[in-house]
Amino acid sequence: MSEITLITRDGAKLGLAAAPTETVLEAAEAAGLFLPAMCHEGSCGLCAAQVTQGDYALRGGAREAAPDGAIPLCLCMPQSALTVELPYPQSGISHHSVPTRMAEISGISQAGSGAVILTLALRPDPEFGTAADFTPGQYMEVSIPGTEIKRAYSLTNLPNWDGTLEFLIRLQPGGAFSTWLAQTARPGDMLSLRGPVGRFVLDETSPRPRVLVGGGCGFAPLLSMLRHLADFQDMQPTHLIFGANTEAELAVAAPLEDLAAQLPNLTVCCAVWHPEAGWEGFSGTAADALAQYLDGDAGQPDIYLCGPPRLMEAVMRVANERGVPAARIYSEQVQAR
Amino acid sequence: MFCFQCEQTTRGPGGAGCATDKGVCGKDEATADLQDVLIHQLKGIGQYVSRLRGLGVADAPADSFILYGLFTTLTNVNFNRARFVEMIAEAARLRDRLRAAYEAAAKAAGQQPEILAGAAAFAPADNVAGLLAQAKAASVIVGREEVGEDVIGLRALLLYGLKGVAAYAHHAEVLGESRDEIAIGIAHALDVLASNPTDLGGMLEEALALGRLNFKVMETLDAANTGSFGAPSPHAVRTTPVEGKAILISGHDLRDLHELLEATKGTGINVYTHGEMLPAHGYPKLREYPHLAGNYGGAWQNQQVEFAAFPGPIVMTSNCLIEPQPLYRNRIFTSGPVGWPGIRHVANGNYGAVIQAAQALPGFTKTVEGPALTVGFGREAVLGAAGTVVEAVKSGAIRHFFLIGGCDGAAPGRNYFTEFAEQAPDDTMILTLGCGKYRFNSHDFGTIGGLPRLLDIGQCNDSYSALVIATALAGAFNCGVNELPLSLVVSWFEQKAAAVFLTLLALGVRNVRLGPTLPAFLTPAILDILVSQFGVLPITSAEADIEAALAPRIAAE
Ligand SMILES: Cc1cc2nc3c(=O)[nH]c(=O)nc-3n(C[C@H](O)[C@H](O)[C@H](O)COP(=O)(O)OP(=O)(O)OC[C@H]3O[C@@H](n4cnc5c(N)ncnc54)[C@H](O)[C@@H]3O)c2cc1C
Ligand code: SF4
Ligand code: SF4
Ligand code: FES
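Keep in mind the model is a prediction, meaning the values are calculated, not measured.

Draft legend 1. Local environment of empty space enclosed by the protein. All names here are of chain B. Overall, the coordinates contain 12 cavities of 30 Å³ or more when judged by the stated rule. If you add up the space inside the largest cavity, you get close to 150 Å³. Taken together, 15 residues line the largest cavity, and the ones lying closest to its centre are Gly405, Leu433, Ser463, Val490 and Val500. Elements with a minimum of two residues in the lining of the largest cavity: strand E11 (400–406), helix H16 (463–476), strand E16 (486–491) and helix H17 (495–506). Split into classes, the residues belonging to the lining of the largest cavity amount to 12 nonpolar, 3 polar and no charged.

Draft legend 2. Examining the domain arrangement of chain A more closely. Segmenting chain A into domains produces domain 1 (2–92), domain 2 (100–197) and domain 3 (210–333). In this structure, domain 1 of chain A and domain 3 of chain A have C-alpha centres spaced 31 Å apart.

Draft legend 3. Broad picture of the confidence of the model for chain B. Scored by pLDDT, chain B comes out at a mean of 92, with 98% of its residues at no less than 70. Across the interfaces of the predicted complex, the ipTM metric reaches 0.82, alongside a pTM of 0.86.

Draft legend 4. Structural view of the packing of helix H5 (residues 286–295) of chain A against helix H6 (residues 309–321) of chain A. Residue and element names in this part refer to chain A. The N-to-C vectors of H5 and H6 enclose an angle of 15°; their axes lie 9 Å apart at closest approach. Between H5 and H6, the crossing angle belongs to the class labelled roughly parallel. Between H5 and H6 lies a crossing of right-handed hand. Mapping the contact onto sequence places Ala286, Ala287, Leu290, Ala291 and Leu294 in H5 and Leu311, Ala314, Val315, Val318 and Ala319 in H6. Taken together, the residues that form the contact of H5 with H6 break down as 10 nonpolar, no polar and no charged.

Draft legend 5. Summary view of the pairing of strand E17 (residues 512–515) of chain B. Residue and element names in this part refer to chain B. Residues Val512 and Leu514 of E17 are buried on one face, and the alternating residues Arg513 and Gly515, pointing to the opposite face, are buried as well. Summarising the sheet, E16 and E17 pair through 4 bridges and their orientation is parallel. Directly across from Val489, in E17, lies its bridge partner Arg513. You can see the chain leave E16, run along H17 and come back into E17, and the turn it takes is right-handed. Bridge count between E17 and strand E18 (residues 537–538): 2 bridges; the pairing is parallel.

Draft legend 6. The arrangement of the site of ligand 3 in detail. Residue and element names in this part refer to chain B. Every residue near ligand 3 is listed here: His252, Glu276, Trp300, Asn319, Cys320, Cys407, Cys435, Cys460, Phe493, Glu494 and Lys496. Counted by class, the shell around ligand 3 contains 6 nonpolar, 2 polar and 3 charged residues. Residue-level mapping places the shell around ligand 3 at the junction of two domains, with at least three residues from each of domain 2 (235–360) and domain 3 (378–550).

Draft legend 7. Up close: the packing of aromatic side chains. Inspection of every chain in the model, using the stated rule, returns 22 aromatic pairs over all chains. Consider the rings of A:Tyr153 and A:Phe177, whose centres lie 4.7 Å apart with planes at 45°: the pair is tilted. Taken together, the residues A:Tyr153 in strand E11 (residues 150–154) and A:Phe177 in helix H2 (residues 176–183) connect sequence positions 24 residues apart. You'll find A:Tyr153 and A:Phe177 in the same group, each marked buried. One aromatic cluster is present, formed by B:Phe2, B:Phe4, B:Tyr160, B:Trp492 and B:Phe521 through successive ring pairs. The lysine or arginine in question, B:Arg144, covers the ring of B:Phe2, its NZ or CZ lying 5.6 Å from the ring centre.

Draft legend 8. Looking closely at the sheet that holds strand E16 (residues 266–272) of chain A. Residue and element names in this part refer to chain A. Strands sit in the order E17-E16-E15-E14-E18-E19 across an open sheet of 6 strands; the sheet is parallel. Two strands bound the open sheet, and with one partner strand each, they are strand E17 (282–283) and strand E19 (329–333). Pairing of E16 with E17 involves 2 bridges; the strand directions are parallel. Across the sheet, Ala271 pairs through a bridge with Phe282, a residue of E17. Relative to strand E14 (residues 210–215), helix H3 (residues 219–231) is tilted by about 145°, and along the sheet it contacts E14, strand E15 (238–244), E16 and strand E18 (302–307). Across the face of the sheet, H5 comes into contact with E14, E15, E16, E17 and E18 while running at roughly 150° to E15.

Draft legend 9. How the structure looks around the packing of helix H2 (residues 60–72) of chain B against helix H6 (residues 149–174) of chain B. All names here are of chain B. Where H2 contacts H6, the two axes come as close as 8 Å, and the packing angle between them is 120°. Judged by the angle between their axes, H2 and H6 are oblique. Crossing geometry of H2 relative to H6 is assigned as left-handed. Contacts between H2 and H6 pair Ser64, Leu67, Tyr68, Leu70 and Phe71 from the former with Leu162, Lys163, Ala166, Ala167, Ala169, His170, His171 and Glu173 from the latter. Residues of the contact of H2 with H6, tallied by class, amount to 8 nonpolar, 3 polar and 2 charged.

Draft legend 10. Fine view of unusual backbone geometry. Residues and elements named next belong to chain B. For the bond from Asn319 to Cys320, the omega torsion is 15°, close enough to zero to count as cis. Its location among the elements puts Cys320 in the loop between strand E7 (314–316) and strand E8 (332–335). A cis geometry characterises the amide bond from Gly515 onward to Pro516, with omega recorded as 0°. Summarising the element assignment, Pro516 is placed in the loop between E17 and helix H18 (524–534). Positioned with a positive phi, Asn76 is a non-glycine residue whose angle comes to about 65°. Assignment of secondary structure puts Asn76 in the loop between H2 and helix H3 (81–108). With a phi angle near 55°, Asn348 is a residue other than glycine that sits in the positive phi range. Along the chain, Asn348 turns up in the loop between strand E9 (344–346) and helix H12 (352–360).

Draft legend 11. Quick peek at the sheet that holds strand E15 (residues 454–458) of chain B. Residues and elements named next belong to chain B. Taken together, the 6 strands give an open sheet; going across it, the order is E15-E12-E11-E16-E17-E18, and neighbouring strands pair in parallel fashion. Where the open sheet ends on each side, the last strands, each with one partner, are E15 and E18. In terms of strand pairing, E11 meets E16 through 6 bridges, oriented parallel. Within E16, the residue paired with Phe401 across the bridge is Leu486.

Draft legend 12. Geometry of the site of ligand 1. Residues and elements named next belong to chain A. In the region of ligand 1, 19 residues are neighbours, and Arg151, Ala152, Tyr153, Phe177 and Ser178 sit closest. Separating an oxygen atom of ligand 1 from a backbone N or O atom of Ala152 is a distance of 2.7 Å. Taking Ser154, its main chain carries an N or O atom lying 3.1 Å from an oxygen atom of ligand 1. Considering ligand 1 on its own, with 910 Å² of exposed area, one finds that the protein chains cover 75% of that surface. Put simply, the parts of the chain that give the shell around ligand 1 at least two residues each are E11, strand E12 (164–170), H2 and E19. If you tally residues by element for the shell around ligand 1, the top one is E11, at 4 residues. The residue makeup of the shell around ligand 1, split by class, is 10 nonpolar, 6 polar and 3 charged. Mapping the shell around ligand 1 onto the domain boundaries places at least three of its residues in each of domain 2 (100–197) and domain 3 (210–333).

What counts, and at which threshold
Residues numbered from 1 in each chain as written. Chains lettered and ligands numbered in written order. Predicted model: local features only at pLDDT ≥ 70, side-chain atom pairs only at ≥ 80, totals over all residues. Heavy atoms only, no water. 1 Å grid on protein atoms, 1.4 Å probe; cavity = no way out; pocket = protein on both sides within 12 Å on 5 of 7 lines; lining within 4 Å. Points joined across faces, edges and corners; volume = space filled by probe spheres on them. Helix = DSSP H or I, 4+ residues; strand = E, 2+ residues; numbered from the N terminus. Nonpolar A, V, L, I, M, F, W, Y, C, P; charged D, E, K, R; others polar. Domains from an automatic or database assignment. pLDDT = per-residue confidence, 0-100. Axes fitted to C-alpha atoms, helices over the stretch in contact; angles between N-to-C directions. Parallel < 35°, antiparallel > 145°, perpendicular 65-115°, else oblique. Left-handed = near helix turned anticlockwise from the far one by under 90°. Contact = heavy atoms within 4.5 Å. Buried < 20%, exposed > 50% of the residue type's maximum accessible area, 1.4 Å probe, protein only. Pairing = 2+ DSSP bridges. Right-handed = clockwise from strand over helix to strand, strands pointing away. Near = heavy atom within 4 Å. Phe/Tyr/Trp six-rings, centres within 6.5 Å; stacked < 30°, edge-to-face > 60°. Lys NZ or Arg CZ within 6 Å of the ring centre and 35° of its normal. Polar contact = N/O pair within 3.5 Å; in protein donor to acceptor, adjacent residues only side chain to side chain. Areas by Shrake-Rupley, 256 points an atom, 1.4 Å probe, with all protein chains shown as cover.

Now the structure itself:
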């Protein structure tokens, strides 16, 4: 057995032991610590962390390292004592296994071109009743019926007691879940879900202004967060940067109008990368819009960032260059590397 | 931030006080600083209210706001920064209105109105960053270098005692009991604090006056509780679940419990008490609701584990709240002065959302039988048995009484109170009060002269009952309280215990043992006064303290 030391983002140290054929993730689960993870096969990137000391082998053989050197803990088998730095605080580690629930499709509707709003009704559960209990920003893993294929989708509505879950899904051409949703799924179908999971949630104890940056389907968790802030009549200044490739993608941002009316301190910037002639809003990427915003009178905001890897990298660069400390950036990536 | 108002405050080589970005209790720097600003404003409001009262003018909304505002700043009550920003704005408007009222009243009385400076003239910034910048000047330790530790310590004792008084007065007020003399006394204490007093003797006098005022407040609260819900009487409380949907209610506010019982009548939902709500079962008009099913869990320190495991929503009506964990964040609700950012607040007795949550959540699936806890030995119940008690003392069956009262800190492994109760000899009787008892109330202490050896008087809010019992016993034995075979052990945790402590001093009760650690704001010089003039005894070990308490008293003490 090798000793493993996990160090969380907030400096907590957790000790474990693992056999040489066991992954760090498996050893942690055996010890009752459930680290963020989803695919368990090294592709979703959710379990990735920095191994700062020790030797390890990767299950399934060596593979190309991620650009930031992070190692998927679902593959990482310690061959000596290991020190692992986790990119989330101790509260990101669950001590309970993630619940699996059944739900029925109650609605599928179009949200502009290429995006769908999927609504589910949870089936009552002996442990959870009908509660849809989650924290805005979290996601569920949804299985395609009759297959082993699972995909993560962020919840866009608010926690509630009647069991309603709402998702905003961008259809990826040729994608497995996207194709099933566009062609096969019908109201009344039953789905299996696992969740809620994820630590991409608001730090409501922070007194700082917030900037929410979302690109592509990264808008989904931000929508739930904004709904939560509106529900609690939040007064902290919040700036939303919504990044879209074309104006057509802005259709999913329709709920923003209502939210802006309820949140007097919310400002919104829709950044369109490739606008048509006549577009009067911001032209450029979400990262460009953030650069412009931080260069203005932005105070010292917390940044919440969600989107595909390319956007995340560009935004991180902008934030780093402007001296925003890493501890004030909360992020989630919504696409496999 | 700087805060040293409770027992669990950070104690380091550089002195005591929570002074980093988060207190031990989880209160963050911005919240702590905004609380300081609000306290500063309340002092200013007290200056005007006090002067208005001097002119014979009462202002009920101002009196209420003072109580509520002070209550929100107690340990483990309100952590919601946004709420403090709102209250600061409200306080500023109130102060302006009071200033105008005072100036008009003075003129009407043919007097030249005073132009008040200091807290009364404070202009809060209109944004959070500005308020945080102003907080330094409103800190409890402002001017420490010039006036010295002792002055700061006595000001803190006054302020923290006052917070406790206000909390008790608020509980009474929501049940419809308020008294002019209480409002006057509280405004006076704020006015004193606003003057930044430096005279130690004068401040000590003010602290004793506050202790006397608190006696009045406790009496009023007792009248409010017993007037609304009847005199507590002994009752065995179920501690195990009953099958069905369930709501848990914690904290001290009996009015909230009553409203919840009314709101859930006929819904099939059972209501369980938690923590300091346990003594509610002693009141006949509360336990007559058949769906007040029992008590669940122990003291407030265990809430993170117990709330997570409870299969329904939870309502927190007053202190002591600790950071809600993700597992139950969406199903815990705050009420009254309590708050946490992102946690839903029940306002105006509207329990609709709580009931909806209870119906959606599974509730208990099985009825379980188990031991019961007996509560409800209020003054009426104990004095009803006074004849038996006096006989038992005279016959030697009861050698001594120990009253273990107050709050308890969260530090695990602190066993003084448990050891004390367990080691107290079989011919002694133990009376409990407040949440210190949870450390040992599941233990079977047996009976003495036909009475249970452990009698629970109630919440820390029921200290009045304990004082009436002590006075009545002294009457029966024809002696003073200090001559009774009675020892008081005060486990202090937060500011309500500070208020009760001042009351004991003001009533001349001597030999009060205070622990588990002494308040950080009491300097050696202040402690010296408390020990030499008031006979206060810091606790040592349970064994030694019991022995000392049972040793024959020296008559000249
Ligand atoms: C934590 C998390 C939260 C997520 N939340 C949401 C959400 O709220 N809404 C949402 O629509 N999606 C969300 N996603 C993405 C979602 O899980 C799927 O990856 C996506 O829907 C594609 O699944 P698929 O089965 O249709 O395509 P796949 O069969 O997985 O992929 C088909 C092809 O499309 C490419 N592809 C996959 N995703 C993208 C993308 N985003 N952009 C460009 N190309 C892509 C793949 O590389 C592949 O070539 C989230 C992902 C994660 C990890
Ligand atoms: S209330 Fe107690 S623990 Fe909280 S900040 Fe103040 S002294 Fe520290
Ligand atoms: S008695 Fe004191 S410490 Fe105990 S719950 Fe009540 S306020 Fe908190
Ligand atoms: S769980 Fe490890 S990469 Fe997906």
